[in-house]
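The residues making up each chain are set out below.
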Amino acid sequence: GRARQEFNTVARSTGTRLAGDADAVGLGQLLLGSDGVRRYFVALENDAEERDQGAILSYALITVDHGHVQLLQHGPILTPLQVPGAGTTSLLLKGPAAIAIPPGTASVFGSIDPTGTWQSVNATADFDFTGRAIQAMYQQATGQRVDGVVALDVPALATLLSVVGPVTVPDINVQITAANAGTVILHDLYNSFPDNQQAVRKELLSEVVTEVVSRLSAGSFDPVPLAEGLADAAAGQHLRVWSANAGEETTLERIGLGGGPGAIDANRTFHVAVENRNATKVDYYVTTSINQQVTVTASGTAIVHTTVVVHNAAPVGAAPSYQLGPDGYGTTRPGEYWAWVLLWGPAGSVQAGSVAESGLELSQTVLDRIYAGQTKQVGFDTVIPNAVRDGQLQLRYVPQPRLTPPTLSVTVSAPGWTVAGSPTWTGPWRRTMTLSWVLHR
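Just so it is clear, the structure is predicted and the values come from calculations on it, not from any experiment. For every chain, the first residue of its written sequence is number 1, and the numbers climb from 1 along that sequence. Reporting of local features is limited, given that this is a predicted model, to residues whose pLDDT is at least 70; pairs of side-chain atoms are given and counted only at 80 or more, and all residues count toward the totals for whole chains, interfaces and linings. Side-chain calculation: all heavy atoms of the structure are included, whereas hydrogens and water are not.

(A) Representation of the packing of aromatic side chains within the structure. Classification of ring pairs rests on two measures: the distance between centres of Phe, Tyr or Trp rings, Trp counted by its six-membered ring, which must be within 6.5 Å, and the angle between planes, read as stacked under 30 degrees, edge-to-face over 60 and tilted in between. Counting across every chain of the model gives eight aromatic pairs. When the ring of F270 is compared with that of Y397, the centres are 5.9 Å apart and the planes differ by 15 degrees; the resulting orientation is stacked. On the criterion of sequence distance, the pair formed by F270 in strand β8 (residues 269-276) and Y397 in strand β17 (residues 392-398) is long-range, its members being 127 residues apart. Each member of the pair, F270 as well as Y397, carries the same accessibility label: buried. Ring geometry for Y284 and Y285: centres 5.1 Å apart, planes at 90 degrees, overall edge-to-face. For the pair Y284 and Y285, one class covers both residues: buried. Within the aromatic cluster, the residues linked to one another by ring pairs are F41, Y59, W118 and Y138. By the criteria applied, helices consist of DSSP H or I runs no shorter than four residues and strands consist of E runs no shorter than two, each listed in order from the N terminus. Each residue is assigned to one of three classes by its accessible area relative to the maximum for its type, calculated with a 1.4 Å probe on protein chains only: buried under 20%, partly exposed between the two thresholds, exposed over 50%.

(B) Broad picture of the sheet that holds strand β9 (residues 286-296). Paired strands, in this sense, are two strands between which DSSP finds at least two bridges. With respect to topology, six strands assemble into an open sheet ordered β12-β15-β10-β9-β18-β20, the strand pairing being mixed. If you trace the sheet from one side to the other, it starts and ends with β12 (350-351) and β20 (424-428), each paired once. Pairing between strand β18 (residues 407-413) and β20: five bridges, direction antiparallel. Within β20, the position partnered with L408 by the bridge is G427.

(C) Representation of the pattern of salt bridges in the model. Here a salt bridge means any side-chain nitrogen of Lys or Arg lying within 4 Å of a carboxyl oxygen belonging to Asp or Glu. Tallying each qualifying case throughout the model produces eight salt bridges. Measuring nitrogen to oxygen at the nearest pair gives 2.7 Å for the salt bridge that ties E248 to R38. Remark: R38 occurs in strand β1 (residues 38-50) and E248 occurs in helix α8 (residues 246-254); sequence separation between them is 210 residues. Judged on exposure class, the residue E248 and its partner R38 are both buried. Linked through salt bridges whose partners overlap, the residues forming this network are E49, R51 and K281.

(D) Summary view of the packing of helix α5 (residues 181-192) against helix α6 (residues 198-218). At a closest axis distance of 10 Å, the pairing of α5 and α6 adopts a crossing angle of 145 degrees. The crossing of α5 and α6 is right-handed. Packed against α5, whose contacting residues are I185, L189 and Y190, the element α6 presents Q198, R201, L204 and L205 at the interface. All residues other than Ala, Val, Leu, Ile, Met, Phe, Trp, Tyr, Cys, Pro, Asp, Glu, Lys and Arg, Gly among them, are scored as polar; the first ten of these are nonpolar and the last four charged. Of the residues in the contact of α5 with α6, the class split is five nonpolar, one polar and one charged. Axis lines are fitted through C-alpha atoms, for helices just across the contact stretch, and the angle between N-to-C directions can take any value from 0 to 180 degrees. A crossing counts as left-handed when the near helix is turned anticlockwise from the far one by less than a right angle, and as right-handed when that turn is clockwise. In what follows, residue pairs with any heavy atoms lying within 4.5 Å of each other are defined as contacts.

(E) Local environment of the packing of helix α4 (residues 154-164) against α6. Between α4 and α6, the shortest axis-to-axis distance is 10 Å and the interhelical angle comes to 45 degrees. By the angle between their directions, the pair α4 and α6 is classed as oblique. For the element pair α4 and α6, the recorded crossing hand is left-handed. In this structure, α4 contributes L157, L160, L161 and V164 to the contact, and α6 contributes V208, V209, V212, R215 and L216. A per-class count over the contact of α4 with α6 returns eight nonpolar, no polar and one charged. Oblique is the label for any angle not covered by the other classes, which are roughly parallel (under 35 degrees), roughly antiparallel (over 145) and roughly perpendicular (65 to 115).

(F) Quick peek at the sheet that holds strand β3 (residues 68-76). Taken together, the five strands give an open sheet; going across it, the order is β3-β2-β1-β6-β7, and neighbouring strands pair in mixed fashion. One side of each edge strand has no neighbouring strand; the edge strands of this open sheet are β3 and β7 (239-243). Taking the axes of each pair of neighbouring strands and ignoring which way they run, one obtains an average angle of 20 degrees across the sheet. When β1 meets strand β2 (residues 54-65), the two strands line up antiparallel, connected through ten bridges. Bridging across to β2, A43 finds its partner in Y59. Here helix α3 (residues 127-142) sits on the sheet in contact with β1, β2, β3, β6 (148-153) and β7, set at roughly 65 degrees to β7.

(G) Representation of the nonpolar core within the structure. Throughout this description, the term nonpolar core refers to a set of buried Ala, Val, Leu, Ile, Met, Phe, Trp, Tyr and Cys residues connected via side-chain atoms within 4.5 Å. Counting 85 residues, the largest nonpolar core has V294, V296, V310, V341, L393 and Y397 as its most contacted members. Considering every element that reaches this core, the biggest residue donor is α4, with eight residues. Counting 26 residues, the second largest nonpolar core, distinct from the first, contains A43, I77, A97 and V121.

(H) Examining α8 more closely. Buried within α8 are the following residues: E248, E249, T251 and L252. When α8 is viewed along its axis, its buried side chains cluster within an angular range of 160 degrees and face the same direction. Whenever a nitrogen or oxygen atom comes within 3.5 Å of another N or O atom, the pair is scored as a polar contact, on the condition that within protein one atom can donate a hydrogen and the other can accept it, and that pairs from neighbouring residues in sequence are kept only if both atoms are in side chains. A side-chain oxygen of the first residue of α8 lies 3.0 Å from the backbone nitrogen of G247; this N-cap is N245. Phi turns positive one or two residues past the end of α8, at G256, with a value near 85 degrees. Arc, as used here, means the arc of the directions from the helix axis to the C-beta atoms.

(I) Seen up close, the layout of surface pockets. A volume near 710 Å³ is recorded for the second largest pocket. Definitions used throughout: a 1 Å grid over protein atoms alone; a cavity as a set of points that fits a 1.4 Å probe which cannot get out; a pocket as an open set with protein on both sides within 12 Å along at least five of seven lines; a lining residue as one with an atom within 4 Å of a point. Together, 28 residues line the second largest pocket, and E49, R51, Q119, A279 and K281 are the ones closest to its centre. Mapped by element, the contributors of at least two residues to the lining of the second largest pocket are β2 and α6. Among the elements that line the lining of the second largest pocket, the one with the most residues is α6, at three residues. Grid points are joined across faces, edges and corners, and a volume is the space filled by probe spheres set on the points.

(J) Summary view of the side chain of E249. Relative to the elements of secondary structure, E249 occurs in helix α8. Think of it this way: Lys and Arg go in the positive column, Asp and Glu in the negative one, and His and the chain ends go nowhere. For the buried E249, no salt bridge exists, and the shortest N-O distance to an oppositely charged side chain is 7.3 Å, to R132.

(K) Fine view of the environment of D222. Inspection of the secondary structure puts D222 in the loop between α6 and α7 (223-235). With 165 residues separating them along the chain, D222 and L57 place their C-alpha atoms 30 Å apart.

In structure tokens:
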């Protein structure tokens, strides 16, 4: 009987994966313009200034027609751009875009203007909202509409470089490769220019992206490693996609490329983000680790204590700089970091002070004044009723995309139950995953 139950589980899982793969193939053809020209806003996310993903400081506008990619515009968000029929304009908005903010999102992120400030639009974990907000913001600024939004950070850019090969950009004295992209883009370029020349650094970053897009457009690469690399990037949340077509967006959320962490198995999903509360670019030096102690009661309720540890490895005693601060928004020393710690627990769970956001329950706190070389931590408690189902405890984990993946450790204690296998899982939290424990009395 147990063997039959295990076989049924594997059969269901395999069928679901195959159906998802088929949906992804069909959707991929549409997104690549099989039914006509598509225009996308590509948000380039800076992992040195974390929101839920990296802060959006640069962009590109591309069209895709039957697989052919054409770059129309690119540059820092605040650089003036030419809009056909509208002349020169700027993406800098004078007021919020006309899009409703969900109540939970407004209560947590409303104060940082997520529909009017590009650096705040992806503070929420719900990329469906982020995509809709970006479309509305771009349309308000330019009068033009995009068919979708693609967001990628530096690790995703490194994935592309591993396929198309190293690129060379004038005024950057090294080739940009998959191995050195994070260090060059998020550290070396900051140190190469004083505060009053950061516009030059941003333009060089845009040139790197332009060169990569040009290589992709030329098509002189093996598409199989590209697909595999992008799949890994998507699993780690480094690549996100939103479509203005409601049916396509539903598929994107079902296969894990879009939407929020609660779009799949919301009643057993955790997501943790550490966001930069200031305007420094110190996240290049920040590492995070998450430890969960899960206690299962006799009734099958799971009581989860989550400890989030934030370590700031910025150089001690460094001189003031654009990257390290002080930034004029709260920090007073070079390398000082303020961590906005956000824990999304399963839908239907109980957490102190939580609100419904991104399909889950969100609790938050701020660890301020984490000086260079220091570590701070904070704890959260989550109660999940009826967590044990059919003799299994399953918990799903959606990571925050960071330059250095968070470390995750989960230990299950179940007094009165027998836990099959190891009660502890520990490792780098590189991708979305589901951990399972078989419990019986």
